[in-house]
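Chain residues, written in single-letter form:
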Amino acid sequence: MQKNAFQFLEIPRQTPRELPVAVRVLGWREIYDGFEPPQAAEQAGRCIECGNPYCEWKCPVHNYIPNWLKLVREGRLFEAAALAHETNPLPEVCGRVCPQDRLCEGDCTLEDGFGAVTIGAVEKYIVDEAFRQGWRPDLSGVAPTGKTVAVIGAGPAGLACADRLARAGIAAHVYDRYEEIGGLLTFGIPPFKLDKAVIATRRAVLEHMGVVFHLGTEVGRDVEFAALMRDHDAVFVGTGAYAEVDGRLPGQDRPGVHAALPFLVANGRRVLGTADAAALPELAGRRVVVLGGGDTSMDCVRTAVRLGAAEVHLVYRREEAAMPGSRREVKNARDEGVHFHFNRQPLAIEGDADGVTGVRVVETQTSHGAGRSSATVAMEGSESVLAADAVIIAFGFRASPPAWLAEHGVALTADGRIDTDQSRRFGTAHAKIFAGGDAVRGADLVVTAVFEGREAGEAIARALA
Ligand code: FAD
Ligand code: SF4
């Protein structure tokens, strides 16, 4: 297709078709379709190749965005797929779950007045379509080095690291306590944002590249960390952030109060078919209140809607603009009927020995100080009770590094994250141990975990060369 420099004027920004709300809330299907090839070429052709691609800089893995958009416009799909993988070991995942409005698309030159290029949707199209047509990463020129590396954690950080090791001819052995790969991609993020078939395809691709998965294997319980250190040339730790932030709310131990992640994991397993519904709270016909304003709370409210809750409310202590999650997810939740209560601080969960009756909240005001600092202040006399039959607490997560790391001389930061040395690209105080993802950053994003896993994998390959 010939480049038309003014295509962005003639063709408006278009996102892939969305399932109608009435249909999507009845099931777990991803709510966005993919692009068809002509539509992908048309949308990719809106890129004006501005010469100073802020989108690339804002993208945490620094994808070669304008270059693969051009390849899509020209119909050179397999080249686009190979290029996308040069910077991003999981492009089809990031295309689906990145908060693009805060990252690449938020910094697209066209965002101001014309509508950003639909970068995420094109990235997803490239890999979905290339895989569908049989494309696979080409490792035919890679010679095995005879080295092996243990990767602990099959989340995005561990998978990105394993991908880079395989491309360097190093045998990656990935250990995970869960029965499937993906970490939070499989067991946290619900299927309506990320279809689990996408992860199954990625698993097959990685296995085809020579990565070996040891699933249902918890390091420190089923296999000793010392044994991995003994048997491998290096170890990567990508164990995530699983310590729940405790709001210490009076009443949080009542029956009917649920922690966000076990709730999402139980539902994820039920949808995957690896567990039955027993671990899942009964929400059908109930009034559900979710506390917190991040990605996790957004996933909880939308899951509660699909489990048939009569009403779903979200309580957040700051204003809407301060919410850390993606704007797109807030819109999706609103469309699905979720009620948002901003500037409300939960004070206590009310009820009795049999369960929950409501959440006592107080109104807050945000006061903005110097620079970007701000504080929320409770407004006297503004308390009220939001009626509820079930409450889900989603106040976030902190890193939870396993105890055995310290025994091997790996230092932690004051707030409990694994301390890494940037000059050694995610190497730790122990020369043989590298780390990345939420275990290093604290709870963050898929794409930042991918970046750190990629960097660590390449650093390990250099160290073992
Ligand atoms: P994880 O994905 O947590 O993977 C760590 C893995 O290590 C797990 O599989 C765990 O089982 C394994 N593990 C831990 N200890 C051991 C051990 N001792 N032995 C063996 N295995 C072990 N980010 C986005 O960009 N977009 C989103 O839409 C989004 N939605 C989210 C929704 C929810 C509900 C949550 C909780 C997070 C969301 N995030 C989102 C954040 C994102 O999922 C994480 O930042 C990302 O998954 C971190 O990757 P990771 O590889 O560091 O850790
Ligand atoms: Fe945008 Fe995320 Fe893809 Fe980077 S990885 S181009 S931020 S969707």
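Residues numbered from 1 in each chain as written. Chains lettered and ligands numbered in written order. Predicted model: local features only at pLDDT ≥ 70, side-chain atom pairs only at ≥ 80, totals over all residues. Heavy atoms only, no water.

**Student:** I'd like a rundown of unusual backbone geometry, residues and numbers included.
**Tutor:** One non-glycine residue, glutamate 49, adopts positive backbone phi at about 45°. Take glutamate 49: it is sitting in the loop between α3 (37-44) and α4 (54-58). Among the residues examined, glutamate 49 registers a relative accessible area of 38% and is labelled partly exposed. (Helix = DSSP H or I, 4+ residues; strand = E, 2+ residues; numbered from the N terminus. Buried < 20%, exposed > 50% of the residue type's maximum accessible area, 1.4 Å probe, protein only.)

**Student:** Describe the domain arrangement of the chain, naming the residues involved and giving the relevant values.
**Tutor:** Reports often express the size of an interface as the amount of accessible area lost when the parts come together. In terms of domains, the chain is made up of domain 1 (7-132), domain 2 (148-242 + 398-464) and domain 3 (246-395). Placing the centre of domain 1 and that of domain 3 at their C-alpha centroids yields a distance of 31 Å. Contacts between the two partners involve 15 residues from domain 1 and, on the opposite side, 16 residues from domain 3. Roughly 1,200 Å² of surface becomes buried between domain 1 and domain 3 when both sides are summed, with 47% attributable to carbon and sulfur atoms. Connecting domain 1 to domain 3 are 1 salt bridge. Ionic pairing is found between glutamate 336 and arginine 24, a salt bridge with its closest N-O pair at 2.8 Å. The interface formed by domain 1 and domain 3 includes 12 residue pairs in polar contact (both at pLDDT 80 or more). Taken together, the elements giving at least two residues each to the side of domain 1 that touches domain 3 come down to α2 (21-24) and α7 (91-97). Tallied by class, residues from the side of domain 1 that touches domain 3 come to 8 nonpolar, 2 polar and 5 charged. (Domains from an automatic or database assignment. Contact = heavy atoms within 4.5 Å. Buried area = accessible area lost by both parts, 1.4 Å probe. Salt bridge = Lys/Arg side-chain N within 4 Å of Asp/Glu carboxyl O. Polar contact = N/O pair within 3.5 Å; in protein donor to acceptor, adjacent residues only side chain to side chain. Nonpolar A, V, L, I, M, F, W, Y, C, P; charged D, E, K, R; others polar.)

**Student:** How would you explain helix α14 (residues 295-306) if you had to name every residue and give the values?
**Tutor:** With 12 residues, α14 should reach 16 Å at 1.5 Å per residue; the first-to-last C-alpha distance of 17 Å fits that figure. What α14 keeps buried is the set Ser297, Met298, Asp299, Cys300, Val301, Arg302, Thr303, Ala304, Val305 and Arg306. At the exit of α14 stands glycine 308, carrying a positive phi of roughly 90°. (Expected span 1.5 Å × (residues − 1).)

**Student:** Please provide a residue-by-residue account of the nonpolar core, values included.
**Tutor:** Trp68, Val93, Ile126 and Ile460 are the most contacted members of the largest nonpolar core, which totals 78 residues. When residues of this core are assigned to their parent elements, the largest contribution, 10 residues, is made by helix α18 (residues 446-464). Shared between two domains, this core holds at least three residues of each, these being domain 1 (7-132) and domain 2 (148-242 + 398-464). Other than its neighbours up to four places away in sequence, tryptophan 68 contacts Asn63, Ala80, Leu83, Ala84, Ile119, Val122, Glu123 and Ile126. (Core = buried A, V, L, I, M, F, W, Y, C linked by side-chain atoms within 4.5 Å.)

**Student:** Please provide a residue-by-residue account of the sheet that holds strand β1 (residues 148-152), values included.
**Tutor:** Within a sheet, adjacent strands bond to each other through the backbone by hydrogen bonds, running parallel or antiparallel. Within the open sheet, the 5 strands sit side by side as β3-β2-β1-β4-β16. Their pairing is parallel. Both outer strands of the open sheet, β3 (212-215) and β16 (433-435), are each paired with one neighbouring strand and no more. Strand-to-strand twist across the sheet, computed as the mean angle between neighbouring axes with direction ignored, equals 20°. Where strand β4 (residues 234-237) lies against β16, 3 bridges are found, and the strand directions are parallel. Bridge pairing in β16 links valine 237 to alanine 435. Relative to β1, helix α9 (residues 156-167) is tilted by about 165°, and along the sheet it contacts β1, β2 (171-176), β3 and β4. (Pairing = 2+ DSSP bridges. Axes fitted to C-alpha atoms, helices over the stretch in contact; angles between N-to-C directions.)

**Student:** Describe in detail the pattern of salt bridges, supporting the description with residues and values.
**Tutor:** The tally for this structure, following the rule as stated, stands at 38 salt bridges. Put simply, glutamate 452 and arginine 441 hold a salt bridge, and the shortest N to O gap is 2.9 Å. With glutamate 452 in helix α18 and arginine 441 in helix α17 (residues 438-441), the pair connects residues that are 11 residues apart, well separated along the chain. Residue classification places glutamate 452 among the buried positions, given a relative accessible area of 4%. One continuous salt-bridge network, built from bridges that share partners, spans Glu18, Arg24, Arg302, Arg306, Arg328, Glu329 and Glu336.

**Student:** Account for the site of ligand 2, with residues named and values stated.
**Tutor:** Around ligand 2, the surrounding shell holds 13 residues, and the nearest of these are Cys59, Asn63, Cys98, Cys104 and Glu123. Grouping the constituent residues of the shell around ligand 2 by class yields 9 nonpolar, 3 polar and 1 charged. (Near = heavy atom within 4 Å.)

**Student:** Would you mind going over the state of the cysteines in detail, with residue names and values included?
**Tutor:** Considering all chains together, one arrives at 0 disulfides under this definition. There is no disulfide at cysteine 161, and the cysteine sulfur nearest it, in cysteine 94, is 16 Å away. (Disulfide = S-S within 2.5 Å.)

**Student:** Describe the sheet that holds strand β14 (residues 390-393), naming the residues involved and giving the relevant values.
**Tutor:** The strand order across the open sheet formed by 5 strands is β6-β14-β7-β8-β9, and the pairing between neighbours is parallel. The open sheet terminates on both sides in strands that have one partner only, identified here as β6 (257-259) and β9 (339-341). With strand direction ignored, the average angle separating the axes of adjacent strands in the sheet is 20°.

**Student:** Can you lay out the site of ligand 1 for me, pointing to particular residues and giving the numbers?
**Tutor:** Among the 34 residues in the neighbourhood of ligand 1, the closest are listed as Val97, Asp176, Lys193, Tyr242 and Asp438. Here an oxygen atom of ligand 1 sits 2.8 Å away from a polar atom, N or O, in the side chain of lysine 193. The backbone of aspartate 444 places a nitrogen or oxygen atom 3.2 Å from an oxygen atom of ligand 1. Protein chains shield 97% of the accessible area of ligand 1, which is 1,000 Å² for the free molecule. Tallying contributions element by element places α14 first for the shell around ligand 1, with 3 residues. In terms of residue class, the shell around ligand 1 is made up of 16 nonpolar, 10 polar and 8 charged. Taken domain by domain, the shell around ligand 1 gets at least three of its residues from each of domain 2 (148-242 + 398-464) and domain 3 (246-395). (Areas by Shrake-Rupley, 256 points an atom, 1.4 Å probe, with all protein chains shown as cover.)

**Student:** Please give an account of the pairing of strand β7 (residues 287-291) that cites residues and values.
**Tutor:** Note on strand geometry: in a regular strand, side chains alternate between the two faces of the sheet. Within β7, 4 of the 5 residues are buried, which leaves the element mostly enclosed by the surrounding structure. Relative to strand β8 (residues 311-315), β7 is paired through 5 bridges, and the arrangement is parallel. Counterpart to valine 289 in the pairing with β8 is histidine 313. Taken together, β7, α14 and β8 constitute a β-α-β crossover, and its handedness is right-handed. Relative to β14, β7 is paired through 4 bridges, and the arrangement is parallel. Across the sheet, the residue bridging to valine 289 is valine 391, located in β14. (Right-handed = clockwise from strand over helix to strand, strands pointing away.)

**Student:** Pulling in residues and values, what's your account of helix α5 (residues 65-73)?
**Tutor:** For α5, the tally of buried residues reaches 7 of 9 residues, placing the bulk of the element in the interior. For α5, the secondary structure elements touched by its buried residues are α3, α4, α6 (77-87) and α8 (119-132). With its phi angle positive at about 75°, glycine 75 sits one or two positions after the end of α5.

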